[in-house]
Amino acid sequence: MSFLLKSECELQAIIAQMSLKEKIGQMNQLIVSHENIEEKIMAGDVGSVIIINDEDIERSSQQKKLASQCSEIPLLVSTDVIHGYKTIYPIPLACSSTWNPELVEQVAYHSAQESAADSTDWIFAPMVDISRDLRWGRIAESAGEDTYLNTVFSRAWVEGIQKSGSVAACVKHFAAYGAAEGGRDYNSAQVSERMLREVYLPPFKEAIDAGCKTLMMAFQDLNGIPASIHPLLYKILRQEWGFDGVIISDYNAILELVEHGVAENLKEAAYLAIQAGIDVDMMSNAYSLHLEELVLEGRVDEALINASLMRILQLKQELISEQNKTVSNRDDAKLALQTALESAVLLKNDKNILPLNKQPESIALLGELAADRASLLGTWSFLGEPENTDSIQEAINRKFSGSAVIYNDAQDRAKALDIAKQCEKVVIIIGEQACMSGEAHSRSEPGIPSAQLELLKALKESGNEVIAILLSGRPLILTEAELYCDAILLAWHGGTYAGDAIAEILAGDFNPSGRLTCTFPRSVGQVPLNYNHRNTGRPVLGEGITQFAEAYKSNYIDQTNEALYPFGYGLNYSQVEYKDLKILEPNIKISECLQVEITVENTGSHDCSEIVQLYVRDLVAQTARPVKELKAFKKVDLQAGESRSVQFSLSSEDLGYYNWDNQYQVDAGDFDLWVGPNSKSNLYTQFSLEK
Ligand code: BGC
């Protein structure tokens, strides 16, 4: 009997014939290389497996075959395709800096297809945790600090991953994992219900509305209750949102309920997890060891297991029935290059030092990161191939073949300075290695290494013009470093084709268009420093150091409240002027839409892509509202000298908030509205919503 295309009734019939042990087996997920795994698969004790490295690929397809010989229910193969599988794309934080969800949907689709060709059915992505703390290593996996932007990218990732129908996405980590105190991974999060609903949950809701088939619970405790078993989270998911997909724990998270101190032992942890609503136990063996006993003791109702099993079987059936769909023509290399190009952010470009003229006589290329291929690949690149990735050095050599490119790893500073002195241009690669960000890689001092800082300083003091290429998995503290740089291009960990992208941008073959989706603070002490903070009862009025003189205001006495680089910021080789901001009808009824129009003009001499951003502020509401909130954006191409009108339409539904009772409401009243190139721009107007 084939497992394909069964109705719910027929699946019920299958469930009725299964032993309790077989049912629980479907709820058990192990890594491909787990001890005795083949025997467990044959005994029906495993429902899905996880690939984590190269050797696992072949073994997972053998395990699939083995499972099909023993049971009609297929084994699912899952893995983390976070920013590519073998072809590696820029880290998700970089992808979000493209402000191009259509491009990111392509990235998601292509990487899912590349992994599906190796038998993957289930991808643990996207991560949509709002991340406002640069110390947290997993900020690399997010779309940054803004809820609206994370919502837009959440849909793009889910739709891309699931486009072929044969691969399931898994939105994670539910919820508020990014609010880990002190930016320390796995640490507790304290988030009020209002903040949860307003800031942290919308990207998850959007993923579910986009059809995301599965969801992963977070590791950390949320207000004292581990998220894995948090009743409010399940109530929101299952009852309020009607999510009927599979819920999986994070890696070993059921066992960790014991460490959290909410379960005495693994059996009690299994009890809490099944009662809460976890369908699949990733790696704890809690269900496989204890669920049967808990049912036989009468503590767990078998109906709960049947309900989880039905969701798992429905997922398997949906995926398997689509599996013979042909993979479309893919050009992963081109897409990876385009994404690396669009994700790079030009942070500084004094005296238009960039782009380089095509063939400088000589270029000093400094810093060991210039030769470090693995660091281009970023945090989740287990299957990425450093050996098939060009280093920055190789790409620059190729692009500037008419120049003498002299590479030095800068281990010997005097030597590096000497080379810089002899060359017409100085390019230095600074920042983090890939292994300095990602899961379990939080940093308390997220700056550039001190040797790099000293070299930058010495280069500047010797009179060089310094062009810095910054590799990073997170925003870094650059307050001192930027003083010594004439230009800074943030290239993130840009993936397999990052080297080429950097070389093209340096040469001026591509005009950078990326914009920050996370604030770059001036110091760690300012964190969290998201642009969309509330006003407080005592906001500072001045800017910069004038703030220090403002007594009894919400400021520091030793640091301004301002960011080094604000949310939405990024330069390009041209200049764009914003003018004629108009609201077609500035007093609209709550049921109507607001029509906004602005003219953007490229007044420079390079063609460019401009990310036009629209922000609002609700001036009076029942709760204190953010001083600015991104509500819309458009990426527009402008030829040199071209002027274009850009329109936005906002519905009043976009202007609501959660009231005292945590209910979403839209109020009549006055709003400020800005349109500009970043969150600090001050071209603004006003409008009113009327009852
Ligand atoms: C991570 C998840 C990941 C899982 C499986 C965990 O440590 O938190 O994001 O999907 O491992 O690799």
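Coordinates for the structure precede this section.
These figures come from a predicted structure and were not determined experimentally.

Engineer: Explanation requested: the pairing of strand β6 (residues 214-217) in the structure shown.
Structural biologist: If a strand is regular, its side chains alternate between the two faces of the sheet. What you see with β6 is no split at all: Thr214 and Met216 on one side and Leu215 and Met217 on the other are buried throughout. Sheet analysis places strand β5 (residues 168-174) next to β6, joined by three bridges and oriented parallel. Looking across to β6, one finds that phenylalanine 174 is bridged to methionine 217. Here β6 runs beside strand β9 (residues 246-248); their pairing, made up of three bridges, is parallel. Each bridged residue has a counterpart across the sheet, and for threonine 214 the counterpart in β9 is valine 246.

Engineer: Just to check I follow, could you spell out the packing of aromatic side chains for this structure?
Structural biologist: Two descriptors summarise a pair of aromatic rings, namely the distance from one centre to the other and the angle between the planes of the rings. Enumeration over the complete set of coordinates arrives at 17 aromatic pairs. Counting every residue linked through ring pairs, the aromatic cluster contains Trp99, Tyr148, Tyr531, Phe567, Tyr615 and Phe633. Between the NZ or CZ atom of lysine 172 and the centre of the ring of tryptophan 380, over which it lies, the distance is 5.6 Å. Across from the ring centre of phenylalanine 648, 5.4 Å away, lies the NZ or CZ of lysine 634, which sits over that ring.

Engineer: Please clarify how the site of the ligand should be interpreted in this entry.
Structural biologist: Around the ligand sit Asp80, Phe124, Arg138, Lys172, His173, Met216, Phe219, Asp250, Tyr251, Met282 and Glu439, and those are all the residues in its vicinity. A distance of 2.7 Å separates an oxygen atom of the ligand from a polar side-chain atom of arginine 138. Contacts to the ligand include histidine 173, whose side-chain N or O atom sits 2.7 Å from an oxygen atom. Bound to the protein, the ligand loses 93% of the 310 Å² it would expose on its own.

Engineer: Whenever I open this one, the sheet that holds strand β17 (residues 576-583) confuses me. Can you help?
Structural biologist: As a general point, the strands of a sheet are linked pairwise by backbone hydrogen bonds and lie either parallel or antiparallel. Strand order in the open sheet formed by three strands is β17-β19-β22, and the pairing between neighbours is antiparallel. Two strands lie at the open edges of the sheet, namely β17 and β22 (643-651), each paired on one side alone. Taken over all neighbouring pairs, the strand axes of this sheet differ in orientation by 20° on average, direction set aside.

Engineer: Whenever I open this one, the packing of helix α7 (residues 147-162) against helix α9 (residues 202-209) confuses me. Can you help?
Structural biologist: The relative placement of two packed helices is expressed as an angle between their axes plus a distance between the axes. Packing of α7 against α9 leaves a shortest axis separation of 8 Å and a crossing angle of 25°. Classified by the angle their axes make, α7 and α9 are roughly parallel. Crossing of α7 over α9 shows right-handed handedness. On α9, the residues that touch Thr147, Asn150, Thr151, Ser154, Arg155 and Val158 of α7 are Pro202, Pro203, Glu206, Ala207 and Asp209. A class-by-class count of the residues in the contact of α7 with α9 yields four nonpolar, four polar and three charged.

Engineer: Quick question: what am I supposed to make of the pattern of salt bridges here?
Structural biologist: Charged atoms that come close allow side chains of opposite charge to pair. Using the criterion set out here, one finds 40 salt bridges in the structure. The partner of glutamate 543 in a salt bridge is lysine 680, and the shortest N-O contact between them spans 4.0 Å. With glutamate 543 in the loop between α20 (498-507) and β17 and lysine 680 in the loop between β25 (669-676) and β26 (684-690), the pair connects residues that are 137 residues apart, well separated along the chain. Among the ionic pairs, glutamate 601 bridges to lysine 579, the shortest N-O distance being 2.4 Å. Linking glutamate 601 in strand β19 (residues 593-602) with lysine 579 in strand β17, this pair joins segments that are 22 residues apart in sequence. Using a relative accessible area of 28% as the deciding quantity, one classes lysine 579 as partly exposed.

Engineer: Can you help me understand the nonpolar core in this one?
Structural biologist: Grouped together as the largest cluster of nonpolar side chains are 118 residues, with contacts concentrated most on Trp122, Phe174, Leu196, Leu215, Leu237, Tyr287 and Ile305. Here the element with the most residues in this core is α7; it accounts for seven residues. When near neighbours in sequence (up to four residues on either side) are disregarded, phenylalanine 174 contacts Leu201, Phe204, Leu215, Met216, Met217, Ala218, Ala227, Leu233, Leu237 and Trp241. One finds Ile139, Val345, Leu347 and Leu516 within the second-largest nonpolar core, a separate group that totals 38 residues.

Engineer: Would you explain the sheet that holds β26 in this entry?
Structural biologist: With mixed pairing, the five strands of this open sheet are ordered in space as β18-β26-β25-β20-β21. The strands lining the two open edges of the sheet, one partner per strand, are β18 (587-589) and β21 (629-638). Shown here is a sheet whose adjacent strand axes are inclined to one another by a mean of 25°, direction ignored. Of the strand pairs in this sheet, strand β20 (residues 608-618) and β21 are connected by nine bridges, and their pairing is antiparallel. Within the sheet, the bridge partner assigned to cysteine 608 lies in β21 and is leucine 638.

Engineer: What should I look at first to understand the environment of leucine 341 in this one?
Structural biologist: Looking at the element boundaries, leucine 341 is found in helix α15 (residues 332-343). By relative accessible area, which is 4% here, leucine 341 ends up buried. Measuring from C-alpha to C-alpha, the distance between leucine 341 and proline 677 comes to 19 Å, with 336 residues separating the pair along the chain. Those residues in contact with leucine 341, other than ones at most four positions away along the chain, are Ala501, Glu504, Ile505 and Phe510.

Engineer: I keep staring at the environment of tyrosine 200 and nothing clicks. Help me out?
Structural biologist: Along the chain, tyrosine 200 falls in helix α8 (residues 193-200). Along the chain, tyrosine 200 and isoleucine 82 lie 118 residues apart, while their C-alpha atoms are 20 Å from each other. The residues contacting tyrosine 200, other than those within four sequence positions of it, are Ile130, Ala176, Ala179, Val191 and Met195.

Engineer: Is there a simple way to explain the pairing of β19 in this structure?
Structural biologist: Of all ten residues that make up β19, seven are buried, and the element is covered over most of its length. Judged from the six bridges that link them, β17 and β19 form a sheet pairing that is antiparallel. Residue pairing across strands places valine 576 opposite asparagine 602, the latter belonging to β19.

Conventions used here
Residues numbered from 1 in each chain as written. Predicted model: local features only at pLDDT ≥ 70, side-chain atom pairs only at ≥ 80, totals over all residues. Heavy atoms only, no water. Buried < 20%, exposed > 50% of the residue type's maximum accessible area, 1.4 Å probe, protein only. Helix = DSSP H or I, 4+ residues; strand = E, 2+ residues; numbered from the N terminus. Pairing = 2+ DSSP bridges. Phe/Tyr/Trp six-rings, centres within 6.5 Å; stacked < 30°, edge-to-face > 60°. Lys NZ or Arg CZ within 6 Å of the ring centre and 35° of its normal. Near = heavy atom within 4 Å. Polar contact = N/O pair within 3.5 Å; in protein donor to acceptor, adjacent residues only side chain to side chain. Areas by Shrake-Rupley, 256 points an atom, 1.4 Å probe, with all protein chains shown as cover. Axes fitted to C-alpha atoms, helices over the stretch in contact; angles between N-to-C directions. Parallel < 35°, antiparallel > 145°, perpendicular 65-115°, else oblique. Left-handed = near helix turned anticlockwise from the far one by under 90°. Contact = heavy atoms within 4.5 Å. Nonpolar A, V, L, I, M, F, W, Y, C, P; charged D, E, K, R; others polar. Salt bridge = Lys/Arg side-chain N within 4 Å of Asp/Glu carboxyl O. Core = buried A, V, L, I, M, F, W, Y, C linked by side-chain atoms within 4.5 Å.

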